[in-house]
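Here is what each chain is made of, one letter per residue.
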Amino acid sequence: MNRTFNIILVVGCVTSIAAAFIFSVKPAGSTSESLAQSETAIPPSLPPVSMDAVAQLLDTGIPRKIQLKTQLQDDVSYEITEYTAQSGDSLWSIAQRFDLEPETILWGNEWLSSVGVLQIGDTLKIMPTDGVLHTVQEGDTLETLERLHGTPAQEILEYFGNGFDLTLTPQLTVGQQIIVPNGTSPIVWSEAQAPAADTSASYSGEYPNLGTGYFVWPLAPPYLLTQEYWGGHPAIDINTYFRQPIFASDSGTVRFSGWNDTGYGNLVIIDHGNGYRTYYAHNEANLVSAGQVVVQGQQIAESGSTGNSTGEHLDFRIYYGGSFFNPLEYLP
């Protein structure tokens, strides 16, 4: 009995000692303090975002998938609008304003060819595209328009600005105006003709070869063109102030100096004796007379706006062998 009791007592002591040992052992390097810290530790916060840094990233060329702004295309217009001619306007300058060819302004206003001059206050029809504005005559068909203006009948039919119902056979009515996109016309501008010279103010003698063959600008710089050379205007128009000095572009003999009745106002023509002539139109005053010899750079006139003109300018032309050539190809 005593032996059994002793064995139980020994086993109980060994068990107590083993339990105490197990609970007293901790993982290496861990303490109560470190465990407490691990339970209460807060991860460090991220630094605030710098907008300068963002801007620098954008400047480095890093691609972005989102467009911050969207560019919208301008609405395309198919309607004919109107424009009132103002001081200083020409067919060329009006065409430039509306991104058209100057012939389009002429071919969109048939009456211009008969009048032959653009005046301040004239109301012009401005087409939405280059081409011809055709007024329908008796018997006209789309095939007729194709033969006249060179644009396929199908293209005329399908041009949105004409408003044809594509499900029906087109019926043209007399007086109807049809836009012929990219079409051409035989109508020409009267300025393409050589300025006529009054024989009473012309020199009929000999014209010695005095020209150098090289031309200088007939005005002092700066040079501002208000109309360039084109099929209906074989000249350049140079902006001037009232009575600005005009100079001979090359040496020669004055062939004509006087008033021109075909729209050029006070006109000077110099024959250089080598096949070339130069023309100076719309002057306020001419300072030379027919038959007078002038040298390159000599003042010959004062600028103005006489004749058919919408503002102060010089109409300058270079003539050779029966034709007018682009002065910009000759001037330095």
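Just above, that's the structure.
The following refers to the structure shown.

Cut-offs applied
Residues numbered from 1 in each chain as written. Predicted model: local features only at pLDDT ≥ 70, side-chain atom pairs only at ≥ 80, totals over all residues. Heavy atoms only, no water. Buried < 20%, exposed > 50% of the residue type's maximum accessible area, 1.4 Å probe, protein only. Helix = DSSP H or I, 4+ residues; strand = E, 2+ residues; numbered from the N terminus. Pairing = 2+ DSSP bridges. Core = buried A, V, L, I, M, F, W, Y, C linked by side-chain atoms within 4.5 Å. Contact = heavy atoms within 4.5 Å. Salt bridge = Lys/Arg side-chain N within 4 Å of Asp/Glu carboxyl O. 1 Å grid on protein atoms, 1.4 Å probe; cavity = no way out; pocket = protein on both sides within 12 Å on 5 of 7 lines; lining within 4 Å. Points joined across faces, edges and corners; volume = space filled by probe spheres on them. Nonpolar A, V, L, I, M, F, W, Y, C, P; charged D, E, K, R; others polar.

A separate point is the pairing of strand 12 (residues 299–303). Counted residue by residue, strand 12 has four buried out of five residues, so it is predominantly covered. Bridge analysis of strand 7 (residues 245–247) against strand 12 gives three bridges, and the strand direction is antiparallel. Residue pairing for strand 12: Ile 246 is matched across the bridge by Ala 301. Judged from the three bridges that link them, strand 10 (residues 276–286) and strand 12 form a sheet pairing that is antiparallel. Opposite Ala 285, over in strand 12, you have Glu 302 as the bridge partner.

In terms of nonpolar packing, the biggest core is built from 27 residues, with Leu 91 and Ile 105 touching the most fellow members. When residues in this core are grouped by element, the largest group, four residues, is from helix 4 (residues 91–97). Filtering out sequence-adjacent residues up to four positions away, Leu 91 remains in contact with Pro 102, Ile 105, Leu 106, Leu 112, Leu 118, Trp 189, Gln 227 and Trp 230. Grouped together as the second largest cluster of nonpolar side chains are 20 residues, Val 268, Ile 270, Val 294 and Ile 300 included.

On to the pattern of salt bridges, then. Going through the model one piece at a time under the given rule, you end up with five salt bridges. A salt bridge links Arg 277 to Asp 271; the nearest nitrogen and oxygen atoms lie 3.7 Å apart. The same class applies to Arg 277 as to Asp 271, namely buried.

Taken as a whole, the largest pocket holds about 420 Å³ of empty space. Residue assignment for the lining of the largest pocket shows that the elements contributing at least two residues are strand 5 (225–227), strand 6 (236–239) and strand 13 (313–320). In the lining of the largest pocket, the residues fall into eight nonpolar, 17 polar and five charged.

Attention now moves to the environment of Gly 150. Tracing the sequence through the fold places Gly 150 in the loop between helix 7 (142–149) and helix 8 (153–158). Residue classification places Gly 150 among the exposed positions, given a relative accessible area of 59%.

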